[in-house]
Amino acid sequence: MNQVTLEKINATNQKYLNQFKEKGFPEKMEKQLENMDWSYLDLIGKKPSEKGEFSPIEVMELSEIEDKRSQLKENGMKAIKEGKVAAILLAGGQGTRLGFNKAKGMFNIGETKELYIFEQLISNLMDVTKEVKALIPLYIMTSEKNNDDTQEFFKAHNYFGYDKEYVKFFVQDMAPAVDYDGNILIESEDSLAMSPNGNGGWFSSLVKAGLDEDLKKRGVEWLNVFGVDNVLQRIADPVFIGATLESGCQSASKVVRKANPEEKVGALCLENGKPSILEYIDLTKEMAEARNEKGTLLYGFGVTLNYLFKVDKLREIVSDKLEAHVVNKKVPYLKENGELVKPTEPNAYKFELLITDMIYMMDNCLGFEVVRDKEFAPVKNAKGVDSVDTARALLKKNGVEI
Ligand code: UTP
């Protein structure tokens, strides 16, 4: 164990790690500790940064998009043909709400046939590559927990018909889970309880993996970043790309009209005049219900985790640190006597960087409305809202054979 790490362990007085100081640290744990970002621990008990002043943002609504659809589409297709657009699939999450113990993309959403979430997403992307007659590089972010499984799955399914030369994987960073006193938890005899550090670190992880060189080599200027959950989303949508180019913005977000003012979805807005995402927990009832003269909710456009970012801007901000969110979770751990504890109530903090916070780092962001029933079918839960059932129904409604 290197001296710096030992000093960190001593300085933060680590209850579960102290036992190893005498008997020696297992190899895996030693590596985890030496690569650890200890600054996460400083966030415990610290108040999150104050929010700024929120105001509504103008969104490009459906009627405006319809009026200029063909021109926007043509411009977007041109950018794709020129190789300026790549897609980034964020697939490092653990999908705990779904309760599926593999990567979420490996979930079979089919009813009468096999249809994996990854397969459906590739099929959505291929709708565009076939029409444009150009391939779009696809970078897939995984985590240490699901990387091997995910890569094997793609191989075993022959990349679902996509050209494998255009698919690259990279692994995101991990963060520790700690008890409420800041003690790093141990998951097994040789490992700390580590989990993926949220979806906000994707660009720095991509750079760390050396893939920025690939972007440069290919001349990619725009990245369409999307989550694994939404099986109906359009990926590298030429109309969306065309609208973003026309707007002159350095980022853009596909948004849907909220199903109701209280819907639990982040709303695109301005914060201190900069683009931002207002989380539903920070939305007062008054703000949630406020409407403009047309009757549209002022904070009524929810983000769908489908963004465009200009690569130049991402390079400019890559070393600016996002502030991690401290979240309460149930984390199984080994007590000092080796006993495994499986908590039934939250017992630990995890640390997550969020892609939504990246929007606030942009100078501007185009909100681009899409038809909810055609492009938004997130698979978050096994049952109920945003579930396997609702996504299946929406796939069928849109003519997808499942
Ligand atoms: P969610 O916020 O739904 O998190 O991720 P999750 O871990 O997948 O699911 P729950 O909350 O445990 O049920 C939104 C998107 O961000 C990705 C997910 O894979 C999904 O595409 N993500 C999330 C990452 O890539 N890495 C992370 O660390 C977290």
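Predicted, not measured: the structure shown is a model, and the values here were computed from it.

**Q** Give me the lowdown on the packing of helix α4 (residues 62-81) against helix α9 (residues 238-247), citing residues and values where you can.
**A** The geometry of α4 relative to α9 is characterised by a closest axis approach of 6 Å and an angle of 90° between their N-to-C directions. With respect to their mutual orientation, α4 and α9 come out roughly perpendicular. Where α4 approaches α9, its residues Ile65, Lys68, Arg69, Leu72, Lys73, Asn75, Gly76, Met77, Ala79 and Ile80 are matched on the opposing element by Pro238, Val239, Ile241, Gly242, Ala243, Leu245 and Glu246. For the contact of α4 with α9, a count of residues per class yields ten nonpolar, three polar and four charged.

**Q** Explain the site of the ligand residue by residue, including any values.
**A** Around the ligand lies a shell of 19 residues, among which Leu90, Thr96, Gln172, Val228 and Lys380 are the nearest. Between the ligand and Arg97, the relevant distance is 2.8 Å, taken from an oxygen atom to a main-chain nitrogen or oxygen of the residue. Gln172 is positioned with one of its side-chain polar atoms (N or O) 2.6 Å from a nitrogen atom of the ligand. For the ligand, whose accessible area on its own is 570 Å², the fraction buried by protein is 84%.

**Q** Run through the packing of α4 against helix α5 (residues 117-132), naming residues and quoting values.
**A** Two elements in contact, α4 and α5, have axes whose closest approach is 10 Å; the angle formed by their N-to-C orientations is 90°. It follows from the interaxial angle that α4 and α5 lie roughly perpendicular. Within the contact between the two elements, α4 uses Lys73, Met77, Ile80 and Lys81 and α5 uses Val128, Glu131 and Val132. Taken together, the residues of the contact of α4 with α5 sort by class into four nonpolar, no polar and three charged.

**Q** For the packing of aromatic side chains, give the residues involved together with the corresponding values.
**A** Scanning all chains against the criterion turns up 16 aromatic pairs. Centre to centre, the rings of Trp202 and Phe203 are 5.7 Å apart; their planes meet at 75°, and the pair counts as edge-to-face. Take Trp202: its relative accessible area is 0%, and that puts it in the buried class. Every member of this aromatic cluster is reached through a ring pair, and the members are Tyr116, Phe118, Phe153, Phe154, Tyr159, Phe160 and Phe169. Positioned above the aromatic ring of Phe20 is the side chain of Lys23, whose terminal nitrogen or guanidinium carbon lies 4.9 Å from the ring centre. The aromatic ring of Tyr166 is capped on one face by Arg218, whose charged end is 4.9 Å from the ring centroid.

**Q** So what's going on with unusual backbone geometry? Residues and values would help.
**A** If you check the backbone angles, Tyr159 has positive phi at about 55° while not being a glycine. Even without a glycine there, the phi angle at Ala236 is positive, about 50°. Tracing the backbone shows Ala236 in the loop between β11 (222-227) and α9.

**Q** Let's hear about the pairing of strand β3 (residues 85-90): which residues, and what values?
**A** Counting buried residues along β3, six of its six residues qualify, which places the element largely inside the surrounding structure. Burial along β3 is two-sided: Val85, Ala87 and Leu89 facing one way and Ala86, Ile88 and Leu90 facing the other are all buried. With six bridges joining them, β3 and β11 adopt parallel strand pairing. Counted as the bridge partner of Ala87 is Asn224 from β11. For β3 and strand β4 (residues 138-142), the ladder comprises four bridges, and the chain directions are parallel. Considered in β4, the bridge of Ala87 is made with Leu138. With α5 bridging β3 and the parallel β4, this β-α-β connection has right-handed handedness.

Cut-offs used in this document
- Residues numbered from 1 in each chain as written.
- Predicted model: local features only at pLDDT ≥ 70, side-chain atom pairs only at ≥ 80, totals over all residues.
- Heavy atoms only, no water.
- Axes fitted to C-alpha atoms, helices over the stretch in contact; angles between N-to-C directions.
- Helix = DSSP H or I, 4+ residues; strand = E, 2+ residues; numbered from the N terminus.
- Parallel < 35°, antiparallel > 145°, perpendicular 65-115°, else oblique.
- Contact = heavy atoms within 4.5 Å.
- Nonpolar A, V, L, I, M, F, W, Y, C, P; charged D, E, K, R; others polar.
- Near = heavy atom within 4 Å.
- Polar contact = N/O pair within 3.5 Å; in protein donor to acceptor, adjacent residues only side chain to side chain.
- Areas by Shrake-Rupley, 256 points an atom, 1.4 Å probe, with all protein chains shown as cover.
- Phe/Tyr/Trp six-rings, centres within 6.5 Å; stacked < 30°, edge-to-face > 60°.
- Buried < 20%, exposed > 50% of the residue type's maximum accessible area, 1.4 Å probe, protein only.
- Lys NZ or Arg CZ within 6 Å of the ring centre and 35° of its normal.
- Pairing = 2+ DSSP bridges.
- Right-handed = clockwise from strand over helix to strand, strands pointing away.

That's the geometry; what it means functionally is another story.
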